[in-house]
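Below, each chain spelled out in residue letters.
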Amino acid sequence: MYNPPMARLPRYVIPGQPQHVIQRGNNREPIFFSDEDYQFYKEKLLDCSKKHDCDIHAYVMMTNHVHLLVTPQTEDGISKLMQSLGRYYVQYINYCYDRTGTLWEGRYKATLIDSNAYMLTCMRYIELNPVRAGMVKQPGEYPWSSYAYNGQGRSDELITPHTLYKKQGATEVERRKAYRSLFRSSLNDVTLNEIREATNKAWVLGNDRFKRKIEKQLARRVTPKARGGDRKSDEYRKNARINRV
């Protein structure tokens, strides 16, 4: 008997609540081939973010994928932003490189962010991508990320500082200094995996209190169901034996 695929649930979207967004190239293949490509993408990202009322707080444009930290002001802001941006960019790449077909690996991935607990952590995660990839030693050496603005004060029309970033200091100089100090230590593996899993599986990223709040607000589960227990534990094995009887 044929079972049709289940319809996709709507994304978790709350206007005013930031999201970590990832879009990858099809089959993890490159999406940028020259400096002009990065610049075109950035210009269109600025245009589309303004048009669809989305604030960009952090970004990094890697060879085959893009990370964005975005606060939408409307429920469909991010989806419209990514659709129009993706369409413009694919047309540009296909024209410039005499190619056809898709460029992206399906839909973009996104996770709702608990601002208080994860905002600055997620900014670091995004801007440290080139360092983790071995492309540069320091985030400020990479030309296509928001670190140049957030950490070094370089002008970037694309960035709208988040309230928590502004609270890092009374002046821009103090904020940048405090922000740079966060990069003295790297993110631990637990935090890295938590951010990756939440984003790739489209779950909410936050502490338990935040998740309960979002579940109540959206009337939907925002975390995966617990699995059948730890198969190595004595309690699990005991229950398994009982259930087999």
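I will try to describe carefully the structure that is included in this document. (Residues numbered from 1 in each chain as written. Predicted model: local features only at pLDDT ≥ 70, side-chain atom pairs only at ≥ 80, totals over all residues. Heavy atoms only, no water.)

What follows deals with the packing of aromatic side chains. This model, assessed by the stated rule, comprises 14 aromatic pairs. Relative to Y97, the ring of F33 lies with its centre 5.0 Å away and its plane at 50 degrees, an arrangement referred to as tilted. Of this pair, F33 sits in the loop between strand 1 (19-24) and helix 1 (35-51) while Y97 sits in the loop between helix 2 (77-96) and strand 4 (109-112), placing them 64 residues apart in sequence. Since its relative accessible area comes to 44%, F33 is described here as partly exposed. Ring centres 5.2 Å apart and planes at 85 degrees place the aromatic pair Y41 and Y89 in the edge-to-face group. Placement of the pair is Y41 in helix 1 and Y89 in helix 2, with a sequence separation of 48 residues. (Phe/Tyr/Trp six-rings, centres within 6.5 Å; stacked < 30°, edge-to-face > 60°. Helix = DSSP H or I, 4+ residues; strand = E, 2+ residues; numbered from the N terminus. Buried < 20%, exposed > 50% of the residue type's maximum accessible area, 1.4 Å probe, protein only.)

The next thing to look at is helix 2. In this model, helix 2 (20 residues) spans 28 Å end to end at C-alpha, consistent with the 28 Å of a helix rising 1.5 Å per residue. For helix 2, every residue scored as buried is listed here: G77, I78, L81, M82, S84, L85, G86, Y89, V90, Y92, I93 and N94. Residues of helix 2 that are buried in the fold lie against strand 1, helix 1, strand 2 (54-61) and strand 3 (65-72). Phi turns positive, to about 50 degrees, at D98, one or two residues after helix 2. (Expected span 1.5 Å × (residues − 1). Contact = heavy atoms within 4.5 Å.)

Okay, the sheet that holds strand 3 next. Pairing is antiparallel across the open sheet formed by four strands, whose spatial order is 2-3-1-4. Across the chains shown, the open sheet's two edge strands, defined by having one partner strand only, are strand 2 and strand 4. In this sheet, neighbouring strand axes are inclined to one another by 20 degrees on average, regardless of whether the strands run parallel or antiparallel. With six bridges joining them, strand 1 and strand 3 adopt antiparallel strand pairing. Counted as the bridge partner of Q19 is V70 from strand 3. With respect to the sheet, helix 3 (residues 115-127) is in contact with strand 1, strand 2 and strand 3, its orientation differing from that of strand 2 by roughly 35 degrees. (Pairing = 2+ DSSP bridges. Axes fitted to C-alpha atoms, helices over the stretch in contact; angles between N-to-C directions.)

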